[in-house]
Amino acid sequence: MACGVRTRCVDNQPVSLTGIPDHPISGGGLCSIGLGGHLLPYHPSRLLQPYKVLHNSNGTNSVPVSSEESISAIIGAISSSRQGSVAILDGQPKRTISFAYRKFLAGLADGLYVIPPTTHGVSTELIKNVIGEKETSFGFDIENARTILSFGAPVLDGWGTLGQFSRVVKNRSGKDHVKIIQVESIHSRTAQLADEWVPVKPGTEAAFVLAIADVMIEERLCDIQKLKAHSKDFDNNSSVSFTELVKKFSSANVSGQMGIPAERIREIARDLASRKPSLVVFDGSSFSRDEQIAFMDLNILLGAVNTKGGLIPRTGLPAPLEEKLAEETSLIDVPDHSIRVLILDGAESGSAFPWQMLEQKLVTNDPMVVSLSPYFTGIARYADYLIPSPTYLESYGDSPTPPTVSMASYSISRPILVTPNEVVEPLDVIRRIARDTDNEFPQLETLLKSRVTKIFRERKGFVFDATSGKTARLSDISSAEQLTQILSHGGCWYEDKVMSRSKEIPTRFQFLGGDDHGFEKLSAATTRNSDGPGLVLLPYAATVAQPHQLMEKLDRESDLRESGNTASINPETASRFSLSDGNRATLKTEIGITDIKVKLDKAVMPGIIQATVGSDETNILEICKIENDSTWRITKAEILPA
Amino acid sequence: MANYESGNSSGVDKVINYRKAKYGMVIDVDRCTGCGACMVACAVENNVPPAPSTATDRTGITPMRVYEVDNGLPFPNNKSVFFPISCQQCEHHTPCVSVCPQNAVELDQSTGIVGQIPVRCFGCRYCMVACPYHARYFNWWDPAWPNGMEKTLNPDVSPRMRGVVEKCNFCFHRLQAARSKAAVEGKKDIDPAEYVPACVECCPTRAMAFGDLLDSDSKASRFSRDKNSFRLLENLGTEPKVYFHSEQEWVRRLIESKTTFAENEPAERENANG
């Protein structure tokens, strides 16, 4: 994610990757995925030519086809007069290719540009909406927070950029160390390592956060007058205000529901108020919009908006194209059975989601799904046509501001390896589909240069030069060409963070999400009930990215990560179902059945099945129930010895 | 050809007597998040092949391997830490050296690094049995890479053949490269910053410190003498040169104890003992 990478090449062949010291985004390191990025072109799941995939009851059968054949089939499907839209799902919006997609779709009568509910667990739009700031995006200044309250965010396991992660870990030692409080039902890596793990019962996170808010308001741990002045729905003397809402969630009232003593809730609220800056982070991919609104509300109560160690406004990046663009539509806002042609961009959103979420958006009668992924893994396995795009190190690309980061940044990458013959650039696919229209699409390299030129013209911020290891003001760079040269050699442009923080923003907080029915919706978000005699299936996927071959090997040959479809169960729970460690078992939900391996783990909450989502196996996700609010993290389940 | 000027018969122009060093590592367990970057960096650097999918935690090769260790307490009081374990570079009565019938394992007195010489190894695996840390691995298969991936191999390291044992050698080839560079630059000693094993170099949280333990100013040396630093199985007396560090008392107590069970779980301890 925008990390600077130094490649060691022998005869133009990369043999190792390392981080670039002092890189403003990565902090100089690389994660375990990045360290083996140069192996990805040789991954066994790599696609080296287009395929037509025939799905039948026995599985799938892939037939090699030419790119012309597959693109002709897509053109035919797009130009048919059938009902439904033509959509592109873009896992990483705001890249330069994203704007080309939007331009292409804007040229179609029924084009729809779809983005995942979250990118790397963050919904930028939702955050803007609660803060009441339409134009400015916000990032998490987590590296300067003194207390971090995390709702399922893998703060110590891949959340944010590597630079953010490494600085948080560094801040854990010393006198004024950061305290991490992890609230989640899963015994995740972050829960293991956090200063405090609060294992709330599944689905009670929103109730927990509102109980914290109640303590803060009741004990005057927040600036009530300021909040009143900056919000219409905080306390407006009506029965549908935020203060009225939290009254229903006194710690004494909800402690039983959450399985957390009331006094502990109070202590956490006081801790947050006294150990500032305090920041609430959350894994948006696991929670409904209303739950995320509740988490954001606590950030506002804590005074974390526009504050060092809180949520900091950042500037947007210039668009590379001026033409009319299709609007961004979140996947969860796409009506069911409305897409007739779905093109899946190969970029990963960083968040797992079940295929069913996409499937229910497709028309029932013969939809076409096209994957541009370089690999035959994940949701690409459900596509009708596979048109592989270049993989890492094979093409031009750009990395706009990572969604978690509190300062705008931009970097570009250039190819080191030659793209295999039958592999097609996504922009080339779009250009060939659109060749009968008036739309023209320049080469990606040209678009990138145009975007860099726009950044250059603004003359703001800094430029990190990876070759020299030095940072200069953008105003000291002589030309757009020089800036392009620096960026295409591992450099990075980034905005002046101090300047952005000093910006005054006219905040009008929307505690209830700016929705007329926000009060009812937030109340409903707290009543997700997982209680009962049965078990609860909680899928667990910390980070989602295509692993390289060595990572797959090392995971398999060590105990560091559970392999896909492993179910960790408390021994007490397992004994109720006559299960032993290492057993195979059948996991059954109302959606389906799958086979899993049982691992006994006394750290796991009794009554839950904590199941790992594998890198290319989606079986666990396939049996998860998608709720009306588009969440799928909690499913009632049964387990039987195989 | 003999080098008469230097008086030796090796053909080497000049024998360089490097300053004696004792390379070691200190791992701050409190900073390790178990991300596995060190494992990947080690495998990439040392040309460890992906191995067949049938390879297991016993038959696969993981010269650097991160283990999770917990306090043994049940939900909700369980706490974990991660221990990256590689060859602990035993200094005294090095067990693997003493059992090897082929002289395929050597403790280099000038660096303190325990080296493995694959061409001498004939695969008896005595050293694996002798190693108290289970840090040695046997090549059960011919090294093989998916089509094309062989192009990504590190040219500085020879892949090992089937039938031999391998282990971490603190990326000794990097020391050789640093020495060559120093020689070209006319320096007698290497710049300490020029020699860092791949695992240490890549650690995103800077949990590992590497250096000459004889150099009292090196970070590794200073850190190794901290009151909260310790070594694994110190009671064996093999003087390993890999240290660990934790401010958490339960972690240090766990290492001191003979079992991995928490003190407040007598029932389980009894089971374990009997």
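Quick caveat: nothing in here was measured; it's all calculated off a predicted structure.

Parameters at a glance
Residues numbered from 1 in each chain as written. Chains lettered and ligands numbered in written order. Predicted model: local features only at pLDDT ≥ 70, side-chain atom pairs only at ≥ 80, totals over all residues. Helix = DSSP H or I, 4+ residues; strand = E, 2+ residues; numbered from the N terminus. Buried ≥ 20, exposed ≤ 12 C-beta atoms within 10 Å, placed from the backbone. Rg over C-alpha atoms; globule rule 2.2 N^0.38 Å. Contact = placed C-beta atoms within 7 Å. Domains from an automatic or database assignment. Nonpolar A, V, L, I, M, F, W, Y, C, P; charged D, E, K, R; others polar. Pairing = 2+ DSSP bridges. Axes fitted to C-alpha atoms, helices over the stretch in contact; angles between N-to-C directions. Parallel < 35°, antiparallel > 145°, perpendicular 65-115°, else oblique. Left-handed = near helix turned anticlockwise from the far one by under 90°. Core = buried A, V, L, I, M, F, W, Y, C linked by C-beta atoms within 7 Å. pLDDT = per-residue confidence, 0-100.

A. Structural view of the overall build of chain B. In terms of regular secondary structure, chain B is built from 8 helices and 10 strands. Across the 274 residues of chain B, 42% fall into the buried class.

B. Quick look at the overall build of chain A. Helix and strand content of chain A: 20 helices and 27 strands. Taken against the 2.2 N^0.38 rule, which gives 26 Å for 642 residues, the C-alpha radius of gyration of chain A at 24 Å falls within 12% of a compact globule. Oriented by its inertia axes, the alpha-carbon framework of chain A measures out at about 65 × 65 × 50 Å. If you take every contact in chain A between residues at least 6 apart in sequence, the share linking residues at least 24 apart comes to 76%.

C. Spotlight on the domain arrangement of chain A. Residue and element names in this part refer to chain A. We note that the domain assignment places domain 1 (5-118 + 319-495), domain 2 (142-309 + 509-523) and domain 3 (534-641) within chain A. For domain 1 and domain 3, the distance between their C-alpha centroids amounts to 31 Å. On the side of domain 3, 19 residues touch domain 1, which itself brings 21 residues to the contact. The residue makeup of the side of domain 1 that touches domain 3, split by class, is 10 nonpolar, 10 polar and 1 charged.

D. Inspection of the sheet that holds strand S1 (residues 23-28) of chain B at higher detail. Residues and elements named next belong to chain B. Spatial strand order, S8-S1-S10-S9: 4 strands in an open sheet with mixed pairing. The open sheet has two edge strands, strand S8 (208-212) and strand S9 (229-230), and neither has a second partner. Relative to S8, S1 is paired through 5 bridges, and the arrangement is antiparallel. Residue pairing in the sheet places Ile 27 in a bridge with Met 208 of S8.

E. Structural detail: helix H1 (residues 37-45) of chain B. Residue and element names in this part refer to chain B. Burial within H1 is extensive, with 9 of its 9 residues counted as buried. Taken as a whole, H1 has its buried residues at Ala 37, Cys 38, Met 39, Val 40, Ala 41, Cys 42, Ala 43, Val 44 and Glu 45. Phi turns positive one or two residues past the end of H1, at Asn 47, with a value near 55°.

F. Here's a closer look at helix H2 (residues 96-106) of chain A. Residue and element names in this part refer to chain A. With respect to burial, H2 is a largely interior element, 10 of its 11 residues being buried. Listed as buried for H2 are Thr 96, Ile 97, Ser 98, Phe 99, Ala 100, Tyr 101, Arg 102, Lys 103, Phe 104 and Leu 105. Looking at the buried side of H2, the elements it contacts are strand S5 (85-89), strand S6 (111-115), strand S17 (397-399), helix H13 (426-433) and helix H14 (444-458).

G. Highlighting unusual backbone geometry. Going from A:Lys276 to A:Pro277, the amide bond is cis rather than trans, its omega being 0°. Tracing the backbone through its elements, the reader meets A:Pro277 in the loop between helix H10 (262-274) and strand S11 (278-282). In this chain, B:Phe75 is followed by B:Pro76 through a cis amide linkage whose omega measures 5°. Structurally, B:Pro76 is set in the loop between strand S2 (65-70) and strand S3 (80-85). The phi dihedral of B:Leu233 is positive, around 50°, even though this residue is not glycine.

H. Spotlight on the packing of helix H6 (residues 205-218) of chain A against helix H9 (residues 251-258) of chain A. Residues and elements named next belong to chain A. Packing of H6 against H9 leaves a shortest axis separation of 10 Å and a crossing angle of 160°. Here H9 runs roughly antiparallel to H6, going by the angle between their axes. Along this stretch, H6 crosses H9, giving a crossing that reads as left-handed. The segment H6 lies against H9, with Ala 207, Phe 208, Ala 211, Asp 214 and Val 215 engaging Ser 251, Val 254, Gln 257 and Met 258. Considered class by class, the residues forming the contact of H6 with H9 number 6 nonpolar, 2 polar and 1 charged.

I. Spatial organisation of the interface of chain A and chain B. Facing the 45 residues of chain A at the interface are 42 residues of chain B. The element that contributes the greatest number of residues to the side of chain A that touches chain B is helix H18 (residues 549-557) of chain A, accounting for 7 residues. In the side of chain A that touches chain B, the residues fall into 24 nonpolar, 13 polar and 8 charged.

J. Spotlight on the nonpolar core. Residue and element names in this part refer to chain A. Counting residues in hydrophobic clusters, the biggest one holds 256 residues, and the most contacted among them are Ile 212 and Ile 609. If you tally residues by element for this core, the top one is H6, at 11 residues. If sequence neighbours within four positions are ignored, Ile 609 has contacts with Leu 535, Val 536, Leu 537, Leu 538, Ala 567, Ile 569, Leu 587, Ala 637 and Ile 639.

K. Seen up close, the pairing of strand S18 (residues 409-413) of chain A. Taken across its 5 residues, S18(A) has 5 buried, putting it largely inside the fold. Neither face of S18(A) is open: one carries A:Ser409, A:Ser411 and A:Ser413, the other A:Tyr410 and A:Ile412, and all of them are buried.

L. Structural context of the sheet that holds strand S25 (residues 593-600) of chain A. With mixed pairing, the 6 strands of this closed barrel are ordered in space as S22-S26-S23-S25-S24-S27 (chain A). For this sheet, the mean inter-axis angle between neighbouring strands, taken without regard to orientation, is 45°.

M. Molecular detail of the packing of H14(A) against helix H15 (residues 480-487) of chain A. Residues and elements named next belong to chain A. At a minimum axis separation of 9 Å, H14 and H15 run at an interaxial angle of 115°. Of the two elements, H14 crosses H15, and the hand of that crossing is right-handed. The residues of H15 that touch H14, namely those facing Lys 449, Val 452, Thr 453 and Phe 456, are Ala 480, Leu 483, Thr 484 and Leu 487. Looking at side-chain class alone, the contact of H14 with H15 contains 5 nonpolar, 2 polar and 1 charged residues.

N. Representation of the confidence of the model for chain B in the model. Residue and element names in this part refer to chain B. Confidence in the prediction for chain B averages 89 pLDDT; 88% of positions are at 70 or higher. Counting interchain partners and residues more than four positions distant, the pLDDT-below-50 stretch residues 1-8 has 11 contacts. The low-confidence segment residues 259-274, where pLDDT is below 50, has 12 contacts with residues more than four positions distant or belonging to other chains.

O. View of the pairing of S1(B). Residues and elements named next belong to chain B. Burial runs high along S1: 6 of the 6 residues are buried. A two-sided burial pattern is seen for S1, the buried positions comprising Tyr 23, Met 25 and Ile 27 on one face and Gly 24, Val 26 and Asp 28 on the other. Direction of pairing for S1 relative to strand S10 (residues 242-245): parallel, over a ladder of 4 bridges. Residue pairing across strands places Ile 27 opposite Phe 244, the latter belonging to S10.

P. Region of interest: the environment of A:Val613. All names here are of chain A. You can see Val 613 is positioned in the loop between strand S26 (608-612) and helix H20 (619-622). On the basis of neighbour counts, which here come to 21 C-beta atoms within 10 Å, the residue Val 613 falls in the buried class. Along the primary structure Val 613 and Tyr 540 are separated by 73 residues, whereas in three dimensions their C-alpha atoms are 5.8 Å apart. Not counting residues up to four positions away in its chain, the partners in contact with Val 613 are Ala 352, Pro 539, Tyr 540, Ala 541, Gly 564, Ile 620 and Leu 621.

Q. Structural detail: the environment of A:Pro116. Residues and elements named next belong to chain A. Counting through the fold element by element, Pro 116 comes out in the loop between S6 and helix H3 (124-131). We classify Pro 116 as buried; it has 24 C-beta atoms within 10 Å. A sequence separation of 523 residues divides Pro 116 from Ile 639, and the C-alpha atoms of the two residues are 31 Å apart. The contact partners of Pro 116, leaving out residues within four places of it in the chain, are Gly 91, Leu 331, Ser 349, Ser 351 and Phe 353.

R. Spotlight on the environment of A:His177. Residues and elements named next belong to chain A. Of note, His 177 is situated in the loop between helix H4 (162-170) and strand S9 (179-183). Along the primary structure His 177 and Arg 146 are separated by 31 residues, whereas in three dimensions their C-alpha atoms are 6.7 Å apart. Sequence-distant contacts of His 177, defined by excluding residues within four places in its chain, comprise Asn 171 and Arg 172.

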